[in-house]
Amino acid sequence: MAVVAEEKIVIDARGSFCLGPLMELIRGIRQAKVGETIEVWSSDQGSRRDIPFWIQKAGHQLVGVFDEAGYARFVVKKLR
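Residues numbered from 1 in each chain as written. Predicted model: local features only at pLDDT ≥ 70, side-chain atom pairs only at ≥ 80, totals over all residues. Heavy atoms only, no water.

**Remarks on the overall build of the chain**
Phase 1 of the analysis: Counting its secondary structure elements, the chain contains two helices and five strands.
Phase 2 of the analysis: Here the chain has a C-alpha radius of gyration of 11 Å; the compact-globule value for 80 residues is 12 Å, and the two agree.
Phase 3 of the analysis: In terms of overall dimensions, the chain has a C-alpha envelope of 30 × 25 × 20 Å along the principal axes.
Phase 4 of the analysis: Taking as baseline every contact in the chain between residues at least 6 positions apart, the subset at least 24 positions apart corresponds to 57%.
Phase 5 of the analysis: When the accessible area of the chain is evaluated, it comes to approximately 4,900 Å², of which 54% is carbon and sulfur surface.
Phase 6 of the analysis: Charge separation in the chain, taken as the distance between the mean sites of 12 positive and 10 negative side-chain charges, equals 7 Å. (Helix = DSSP H or I, 4+ residues; strand = E, 2+ residues; numbered from the N terminus. Rg over C-alpha atoms; globule rule 2.2 N^0.38 Å. Contact = heavy atoms within 4.5 Å. Areas by Shrake-Rupley, 256 points an atom, 1.4 Å probe, with all protein chains shown as cover. Lys, Arg positive; Asp, Glu negative; His and termini not counted. Charge placed at Lys NZ, Arg CZ, Asp CG, Glu CD.)

Here it is, written out as structure tokens:
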């Protein structure tokens, strides 16, 4: 589920596995404008590898990965 809040898109992909959180991020990046921030919440451990790898490959900026209770928040800035 994607929600726009304060100039950022928040994608709650907790409970989604395998490539689900990454696919949600890709969908969010396509909808976002250049310069906007997308935040993905993921409880899938594979996201810690997959999301940063894809962000670098796609030419966007990983602002940070933040550990929360039971999930990680990936903050991404769309650069192109």
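**Regarding the side chain of glutamate 36**
Phase 1 of the analysis: Among the secondary structure elements, glutamate 36 is positioned in the loop between α1 (20-31) and β3 (37-42).
Phase 2 of the analysis: Among buried charged residues, glutamate 36 stands out as having no salt bridge; its nearest opposite-charge side chain is lysine 33, 5.0 Å away.
Phase 3 of the analysis: At 2.6 Å, the side chain of glutamate 36 and the backbone nitrogen of lysine 33 are in polar contact. (Buried < 20%, exposed > 50% of the residue type's maximum accessible area, 1.4 Å probe, protein only. Salt bridge = Lys/Arg side-chain N within 4 Å of Asp/Glu carboxyl O. Polar contact = N/O pair within 3.5 Å; in protein donor to acceptor, adjacent residues only side chain to side chain.)

**With respect to the environment of tryptophan 54**
Phase 1 of the analysis: Structurally, tryptophan 54 can be placed in helix α2 (residues 47-58).
Phase 2 of the analysis: In the structure, tryptophan 54 is positioned 25 residues away from isoleucine 29 in sequence and 12 Å away in space, judged by C-alpha atoms.

**Brief notes about the nonpolar core**
Phase 1 of the analysis: Counting residues in each nonpolar core, the largest one holds 17 residues, and the members touching the most others are Leu25, Ile38, Val40, Ile51 and Trp54.
Phase 2 of the analysis: For this core, the secondary-structure elements that each account for two or more residues are β2 (8-12), α1, β3, α2 and β5 (71-77).
Phase 3 of the analysis: Ignoring any residue separated from it by four or fewer positions in sequence, one finds isoleucine 51 in contact with Pro21, Leu22, Leu25, Val40 and Phe74. (Core = buried A, V, L, I, M, F, W, Y, C linked by side-chain atoms within 4.5 Å.)

**Quick word on the pairing of strand β4 (residues 61-68)**
Phase 1 of the analysis: Examined bridge by bridge, β4 and β5 share seven bridges and lie antiparallel to one another. Opposite glutamine 61, over in β5, you have lysine 77 as the bridge partner.
Phase 2 of the analysis: Between β4 and β5, which pair antiparallel in sequence order, lie two residues; one of them, glycine 70, sits at a positive phi of approximately 90°. (Pairing = 2+ DSSP bridges.)

**Quick notes on α1**
Phase 1 of the analysis: Relative to the 16 Å expected for 12 residues at 1.5 Å per residue, α1 spans 17 Å between its end C-alpha atoms, a close match to the ideal helical length.
Phase 2 of the analysis: Three or more residues of α1 are buried, namely Gly20, Pro21, Leu22, Leu25, Ile26, Gly28 and Ile29.
Phase 3 of the analysis: Summarising the contacts, the buried residues of α1 are in contact with β2, β3, α2 and β5. (Expected span 1.5 Å × (residues − 1).)

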